[in-house]
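Here are the chains, one letter per residue:
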Amino acid sequence: MSGFHAERPARDRRAYVTLATNADYATGAAALLRSLRRTGTGADLVVMFTDLDAASQDMLRALDARLVRVDLLPTSDQFNQTHARRALHGAAPFTKGEKPPFHTPLDNFAKLRLWQLDYARVVFIDADAIVLQNIDRLFEYPEFSAAPNVYESLGDFHRLNSGVFTARPSQETFDAMMARLDQPGVFWRRTDQTFLETYFPNWHGLPVFDNMLQYVWLNLPQLWKWTDIRVLHYQYEKPWQDHAKADSLRVLIELWQAHAGDGPVPDLRDLPPPPGAA
Ligand code: UDP
Ligand code: MN
């Protein structure tokens, strides 16, 4: 099969899959892998990558990840230009938060490569997330399940967030997606997320706790309960960056740092509530 190369066979029929197209997202992926291992899962851990340097690859391999080299999708020049960083930010500006300089929107579409993998069940997780409690039950959930993109208001429930989702790999599905993705004049304003929402209009909803977005801490503190949160997702600014919201997200950043390291991680019951919580 073209488009990807795995360096060793699968060990399980289920896999957690993430994507890292550059060293920054490899840093994120490493913390995600460590957090997943702490949940005691027996599923494979897969990192799809495009052109990571040897040091990043070795770091991920040492965490027992199965590395799968993938090509970016063979999209047209027009598609690539429309979804290039500057063009996309111009046509559909991000007004709620800042995307880091190392974020290339076009790379997001490579997530769709997971439909080509040799697994029966996949749970995809963005490289900027950590898993705080076991989520193996998601392997039993149907394709396509995702949590709503909740971080500000009720209107957020109309949309899904593609940072965590369930899938059943199938070359047939992949081919059908490719036929749909790159039509003349298309603009997927939030890249893979908008595409997946369109491709799976009857997507199944996961609880927000399976993909808790960091801005909930700032904007919807009444929704925050540490012991309920299974996946914490640092959308927009990344916890390994120096950024403008770092002071107000300090508790979350320190939790990410603990998961990224070798030492113990705090018990969720001991973490403080968000400042605005009742
Ligand atoms: N990604 C990547 N390289 C890029 C952009 C994205 O590897 O240049 C992958 C990575 O797994 C990342 C995901 O695609 O977590 C989605 O991007 P991001 O998490 O930055 O988007 P956000 O969650 O802020 O919308
Ligand atoms: Mn993300």
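Above this text sits the structure in question.
Residues numbered from 1 in each chain as written. Chains lettered and ligands numbered in written order. Predicted model: local features only at pLDDT ≥ 70, side-chain atom pairs only at ≥ 80, totals over all residues. Heavy atoms only, no water.

Draft legend 1. Seen up close, the sheet that holds strand β5 (residues 121–125). As summarised here, the arrangement of the eight strands in space is β1-β4-β3-β2-β5-β8-β7-β9, forming an open sheet in which the pairing is mixed. Edge positions in the sheet fall to β1 (4–6) and β9 (204–205), since each of these pairs with one other strand and no more. One ladder, built from three bridges, connects strand β7 (residues 145–148) with strand β8 (residues 160–167); its direction is antiparallel. Opposite Ser145, over in β8, you have Thr166 as the bridge partner. Where helix α1 (residues 23–38) meets the sheet, it contacts β2 (14–20), β3 (44–49) and β5, and its direction lies at approximately 160 degrees from that of β2. (Pairing = 2+ DSSP bridges. Helix = DSSP H or I, 4+ residues; strand = E, 2+ residues; numbered from the N terminus. Contact = heavy atoms within 4.5 Å. Axes fitted to C-alpha atoms, helices over the stretch in contact; angles between N-to-C directions.)

Draft legend 2. Structural view of the coordination of the manganese ion (ligand 2). The coordination sphere of the manganese ion (ligand 2) contains the protein donors Asp126 (OD), Asp128 (OD), Asp128 (OD) and His233 (NE2), at a distance range of 2.2 to 2.4 Å. Every donor counted, the six donor atoms about the manganese ion (ligand 2) form angles of 56 to 173 degrees at the centre, which fits irregular coordination. In primary-sequence terms, the residues that donate to the manganese ion (ligand 2) follow D-x1-D-x104-H. Of the two residues, Asp128 is situated in the loop between β5 and β6 (129–131) and His233 in strand β11 (residues 231–233); the sequence distance between them amounts to 105 residues. By relative accessible area, Asp128 is classed as buried at 4%. (Donors = N, O, S within 2.8 Å, 3.2 Å for Na, K, Ca; no water. Tetrahedral: all angles 85-135°; square planar, octahedral: opposite > 155°, others 65-115°. Buried < 20%, exposed > 50% of the residue type's maximum accessible area, 1.4 Å probe, protein only.)

Draft legend 3. Inspection of the sheet that holds β11 at higher detail. One open sheet holds the three strands; their spatial order is β6-β11-β10, and the pairing between them is mixed. Single-partner strands in this sheet number two, and they are β6 and β10 (212–213). In the sheet, β6 pairs with β11 via three bridges, with the strands oriented antiparallel. Residue pairing for β11: Ile130 is matched across the bridge by Leu232.

Draft legend 4. Spatial organisation of the site of ligand 1. The environment of ligand 1 is made up of 18 residues, and the closest members are Leu19, Thr21, Tyr25, Lys99 and Asp128. Contacts to ligand 1 include Leu19, whose backbone N or O atom sits 2.6 Å from an oxygen atom. Between ligand 1 and Thr104 there is a distance of 2.8 Å, counted from an oxygen atom to a backbone nitrogen or oxygen. When ligand 1 sits alone it has 510 Å² of accessible area, and the protein chains cover 93% of it. (Near = heavy atom within 4 Å. Polar contact = N/O pair within 3.5 Å; in protein donor to acceptor, adjacent residues only side chain to side chain. Areas by Shrake-Rupley, 256 points an atom, 1.4 Å probe, with all protein chains shown as cover.)

Draft legend 5. Expanded view of empty space enclosed by the protein. Applying the stated rule across the entire model yields one cavity of 30 Å³ or more. Looking at the largest cavity, its volume works out to about 30 Å³. Around the largest cavity, the lining residues are Ser76, Gln78, Phe79, Thr82, Asp182, Gln183, Pro184, Gly185 and Val186. Residue classes in the lining of the largest cavity are distributed as three nonpolar, five polar and one charged. (1 Å grid on protein atoms, 1.4 Å probe; cavity = no way out; pocket = protein on both sides within 12 Å on 5 of 7 lines; lining within 4 Å. Points joined across faces, edges and corners; volume = space filled by probe spheres on them. Nonpolar A, V, L, I, M, F, W, Y, C, P; charged D, E, K, R; others polar.)

Draft legend 6. How the structure looks around the environment of Ala127. As for its position among the elements, Ala127 is in the loop between β5 and β6. Overall, Ala127 belongs to the buried group, its relative accessible area being 4%. The spatial distance from the C-alpha of Ala127 to the C-alpha of Val17 is 9.2 Å, given a sequence separation of 110 residues. Apart from the residues within four sequence positions on either side, Ala127 is in contact with Thr18, Leu19, Tyr25, Gly28, Ala29, Leu32 and Trp240.

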